[in-house]
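# A structural walkthrough
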Amino acid sequence: MQTIDLRGRTLTTAEMLAAVPRATAARAEALATAAALVEEVRVRGESALREQAERFDRVVDHAIRVPKQHIDDAVAALEPRIRSAIEESIRRVRAASEAQVPAPAVTELGAGARIRQRWQPVGRVGVYIPGGKAVYPSSVIMNVVPAQVAGVSEIALASPAQADQDGRVHPTILAAAGLLGVDEVYAMGGAGAIGAFAYGVDALGLDPVDVLSGPGNNFVASAKRAVAGVVGTDSEAGATEILIVADETADPILVAADLVSQAEHDEQASAVLVTDSAELAARVAERVEQLAAATRHADRVAAALSGPQSALVLVDGREAAVAFSNAYAPEHLELHLADAAEAAASFTSAGAVFVGEDSPVSLGDYLAGSNHVLPTGGQARYAPGLGAYTFLRPQQVIEYDRAALSEVREAIVALADTEVLPAHGEAIEARFVGAPVVTAEA
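Note that this is a predicted model, so its numbers are computed, not measured. (Residues numbered from 1 in each chain as written. Predicted model: local features only at pLDDT ≥ 70, side-chain atom pairs only at ≥ 80, totals over all residues. Heavy atoms only, no water.)

For the rest of this paragraph, the subject is the sheet that holds strand β11 (residues 311–314). The strand order across the open sheet built from 6 strands is β1-β11-β10-β9-β12-β13, with neighbouring strands paired in parallel fashion. Sheet topology places β1 (2–5) and β13 (352–355) at the edges, where each strand pairs with a single neighbour. Across this sheet, the average inter-strand angle for adjacent strands is 20 degrees, counted without regard to direction. (Pairing = 2+ DSSP bridges. Helix = DSSP H or I, 4+ residues; strand = E, 2+ residues; numbered from the N terminus. Axes fitted to C-alpha atoms, helices over the stretch in contact; angles between N-to-C directions.)

Now the structure itself:
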């Protein structure tokens, strides 16, 4: 891993952002490619999806719309311990998601003047589940459960066709979908799947969705950007990121293990340690090298850790660590600090914050109850992770009676005149033909 030494420097916000390690070239390249793949599906539908499946997944002549029997078979074949773990994760994520649904509210502005705030679910959601280097039944849970809690009536799911499964979606993905009652499933992947959800595919009976959600690589994240405005999307959850802020009290073995755990996702994964302890950084580097060489996906981990997106960052103290972390705005932030619980309030920009050495990202990936679909690439500075609110639209319902409208009649006309929009005022006056204007002084 590279070392970035920021000690002895006072950085502006712009300089801090420039110091953040990111694989920007990969994201820029992905955007152009993803947009082209989306356009192919928009124009040519099923034929484009089949060409892309052959090109990227080495699959031909498969059933893109998954028969329900395949889902039922996958549920029946699921190992009991895996089923138990999935069901427990569903229970925890459902409980946490229910807390994200705002209660309706009524604001009384006067007699006969009220605004009701309500939260309406979207009608149809498309959920994308990656299927390249790993199998993610947990992502099925993280996407489907919040949509169900929000009250979404139609949920469709897509995941790449697997060459080693005779062109089917991975059975564990299908089983998770089945346990959640989702039976509209498509064997399609990558940017093309995003395009199919956004524009629909008539030949498959696939209707366009209102909102797209789900993690993926840089191409999936870029495809979401390409269809933004056509459909709603969650944040662009691209290649995973972990940033660990640690002090001299941290256990280098645990820090190293957590860095490696996220690096195994993908060669583009980001693993960053920020510390004011040069001794800790050296010990972590040594442990990372040992663990990376011994892990099952050693080549993938080595590529991620040696890339420009991963680093050991040395800073002068806590204030600098906070500033760097908030500028980076990581997907996952771990705090290995002596006062982690108290310090957490200062770290304001992160998809999710894991406090203390016994709250690792792996916990959040599966059974914390929190959602693991989180913003990457610095989006946590302004965007939230996935939740029930992702699938809800706040609406204000305005109810005024004649007396309440009369009270604001003169003010509305005055503002309309000021904005040189006289018809706005005339629309009010039309309701009071023959009635005098009652001013506040009167």
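In this numbering, the UniProt entry assigns the feature "active site" (unreviewed entry) to Glu331 and His332. Take Glu331: it is sitting in the loop between α13 (318–328) and β12 (332–336). A relative accessible area of 5% places Glu331 in the buried class. Once residues within four sequence positions are removed from consideration, Glu331 is found in contact with Ala239, Thr240, Glu241, Ala350, Gly351, Ala352, His372, Leu374, Pro375 and Thr376. In contact with His332, not counting residues within four places along its chain, are Thr240, Glu241, Ile242, Leu243, Gln262, Ala352, Phe354, Val361, Asp365 and Leu374. (UniProt positions renumbered as here; feature names shortened; annotations may be inferred. Buried < 20%, exposed > 50% of the residue type's maximum accessible area, 1.4 Å probe, protein only. Contact = heavy atoms within 4.5 Å.)

If you look at the biggest cluster of nonpolar residues, it comprises 43 residues, and the most contacted ones within it are Val140, Val144, Leu157, Leu180, Val182, Val185 and Phe391. Those elements that provide at least two residues to this core are α4 (68–77), α5 (80–98), β4 (124–128), α6 (137–150), β5 (154–159), α7 (171–179) and β6 (184–187). When residues in this core are grouped by element, the largest group, 8 residues, is from α6. Dropping the residues within four chain positions of it, Leu180 is found in contact with Ile90, Arg94, Val140, Ile141, Val144, Val145 and Gln148. Ala156, Tyr186, Val201 and Val231 belong to the second-largest nonpolar core, a separate cluster that totals 27 residues. (Core = buried A, V, L, I, M, F, W, Y, C linked by side-chain atoms within 4.5 Å.)

Turning to the packing of aromatic side chains, a few remarks are in order. Within this structure, the stated rule accounts for 2 aromatic pairs. Relative to Phe197, the ring of Tyr186 lies with its centre 6.4 Å away and its plane at 85 degrees, an arrangement referred to as edge-to-face. Note that Tyr186 is positioned in strand β6 and Phe197 in helix α8 (residues 190–199), a separation of 11 residues in sequence. As far as burial versus exposure is concerned, Tyr186 and Phe197 are alike and both buried. Note that Arg22 overlies the ring of Tyr328, its terminal NZ or CZ placed 4.5 Å from the centroid. (Phe/Tyr/Trp six-rings, centres within 6.5 Å; stacked < 30°, edge-to-face > 60°. Lys NZ or Arg CZ within 6 Å of the ring centre and 35° of its normal.)

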